[in-house]
Amino acid sequence: MRSDPVADLVASAVLSSRARLGAVRLVAIDGPSGSGKSTFARALVTSLRGRGAHTRVVSTDHFATWDDPVSWWPRLADVLGALARGRPTRYRAWDWTTGSPLPGTEIRVPVPDVLVLEGVSSGRASVRGALTRLCWVERPSRAERLERAVARDGEAARPMLAAWQRFEEGWFAVDETATHADDVIRPDDPAVARPVRAAACTDRTTRAAVTASWRLHRS
């Protein structure tokens, strides 16, 4: 896979900053559904592993359902608590292959150097004190985000995805996630990897937002 310059920039910032979840550097990739969080997460994980960091990914899709978009958090908090104490852990993920959540496989999580937490509400206020870095991925067009999500999940999911959009807009307004982000990733900018502001900070008190363009599909 070709190196992604924006993911490389964020990876460098992560590895130059201190761990806040025990010995684990915790990175949240948050933003509205259909914005490109999972794609950026894959690029970031590739960059971190290329630098020799043992990196694992946990998706909030493993915990959330249509009926329970955010209140499942205590289950994930148990996972993070174990890792903070230096203990490997496990959880049971939802299986979405049928379009509806069903009990899925048990996911084992060894203690990594970096844990990438990806998905809606991953950067919520209650976890920010443990984050090494918070990335916000956004696309301004609500309609475009919905169509991208429908393309991913299928036309049958459109009503649920539209309802989810309405919920997450209220959630993000109250949680103020974007305001607290260290990095703002805008995949729909036509330029490629053009940072406006960038800083590899060693502490969140000296953080600086990175507003960067990033193209999702490059040959």
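Draft legend 1. Up close: the environment of aspartate 4. Within the secondary structure, aspartate 4 sits in the segment before helix H1 (5–15). A sequence separation of 39 residues divides aspartate 4 from alanine 43, and the C-alpha atoms of the two residues are 6.5 Å apart. Of note is the side chain of aspartate 4, whose polar atom sits 3.0 Å from the backbone nitrogen of valine 6. Looking at aspartate 4, its side chain comes within polar contact range of the main-chain nitrogen of alanine 7, at 2.9 Å.

Draft legend 2. Region of the structure containing the packing of aromatic side chains. Throughout the structure, instances matching the rule amount to six aromatic pairs. Look at tryptophan 66 and tryptophan 96: their rings are 5.4 Å apart centre to centre, the planes differ by 85 degrees, and that puts the pair in the edge-to-face class. With tryptophan 66 in the loop between strand E2 (55–59) and helix H3 (73–84) and tryptophan 96 in the loop between strand E3 (89–95) and strand E4 (102–109), this pair connects stretches of sequence that are 30 residues apart. Judged by its relative accessible area of 27%, tryptophan 96 is partly exposed. Residues tryptophan 136 and phenylalanine 172 carry aromatic rings whose centres are separated by 4.8 Å and whose planes lie at 85 degrees to one another, so their mutual orientation is edge-to-face. Note that tryptophan 136 is positioned in strand E6 (residues 131–137) and phenylalanine 172 in helix H5 (residues 158–175), a separation of 36 residues in sequence. Exposure remark for tryptophan 136: the relative accessible area of 7% places this residue in the buried category. The buried category is assigned to phenylalanine 172, whose relative accessible area is 11%. The ring of tryptophan 72 has arginine 124 lying over it, and the distance from NZ or CZ to the ring centre is 5.3 Å.

Draft legend 3. Structural detail: the nonpolar core. In terms of nonpolar packing, the biggest core is built from 28 residues, with Leu26, Leu76 and Leu80 touching the most fellow members. Among the secondary structure elements, those contributing two or more residues to this core are strand E1 (25–30), H3, E3, strand E5 (114–118), E6 and H5. One finds Val27, Ile29, Ala43 and Val45 within the second-largest nonpolar core, a separate group that totals 19 residues.

Draft legend 4. Quick look at helix H4 (residues 142–153). Relative to the 16 Å expected for twelve residues at 1.5 Å per residue, H4 spans 16 Å between its end C-alpha atoms, a close match to the ideal helical length. Listed in full, the buried residues belonging to H4 are Arg145, Leu146, Ala149 and Val150. Each buried residue of H4 sits inside an arc of 135 degrees when the element is viewed along its axis, so together they form one side. Counted as exposed and oriented over 90 degrees from the buried face of H4: Ala143, Ala151 and Arg152. Contacts from the buried residues of H4 go to H5. Once H4 finishes, glycine 154 follows within two positions and takes phi at roughly 105 degrees, a positive value.

What counts and how
- Here the residue numbering is sequential within each chain, running from 1 through the sequence in written order.
- With pLDDT at 70 or above as the cut-off, local features in this predicted model cover only qualifying residues; side-chain atom pairs require 80 or more to be listed or tallied, and sums for whole chains, interfaces and linings still use all residues.
- With hydrogens and water set aside, each side-chain value is computed from the structure's full complement of heavy atoms.
- Strands are runs of DSSP state E lasting at least 2 residues, helices are runs of H or I lasting at least 4, and numbering of each runs from the N terminus.
- Under the rule applied, a polar contact is a pair of N or O atoms within 3.5 Å (in protein, one hydrogen donor and one hydrogen acceptor; residues adjacent in sequence only if both atoms are side-chain atoms).
- Only Phe, Tyr and Trp rings take part, Trp by its six-membered ring, and two of them pair if their centres are within 6.5 Å. Stacked means planes under 30 degrees apart, edge-to-face means over 60, and tilted covers everything else.
- The cut-offs for exposure are 20% and 50% of the maximum accessible area for each residue type, with area from a 1.4 Å probe on protein chains only; residues under the lower value are buried, those over the upper are exposed, and the others partly exposed.
- Cation placement over rings: the criterion is NZ of Lys or CZ of Arg within 6 Å of the ring centroid and within 35° of the ring normal.
- Think of a nonpolar core as a cluster: buried Ala, Val, Leu, Ile, Met, Phe, Trp, Tyr and Cys residues, connected wherever their side-chain atoms sit within 4.5 Å.
- In this scheme, a helix's expected span is set at 1.5 Å multiplied by one less than its residue total.
- Working note: the arc is built from the helix axis to C-beta atom directions.
- Between two residues, a contact is recorded if the distance between any of their heavy atoms is within 4.5 Å.

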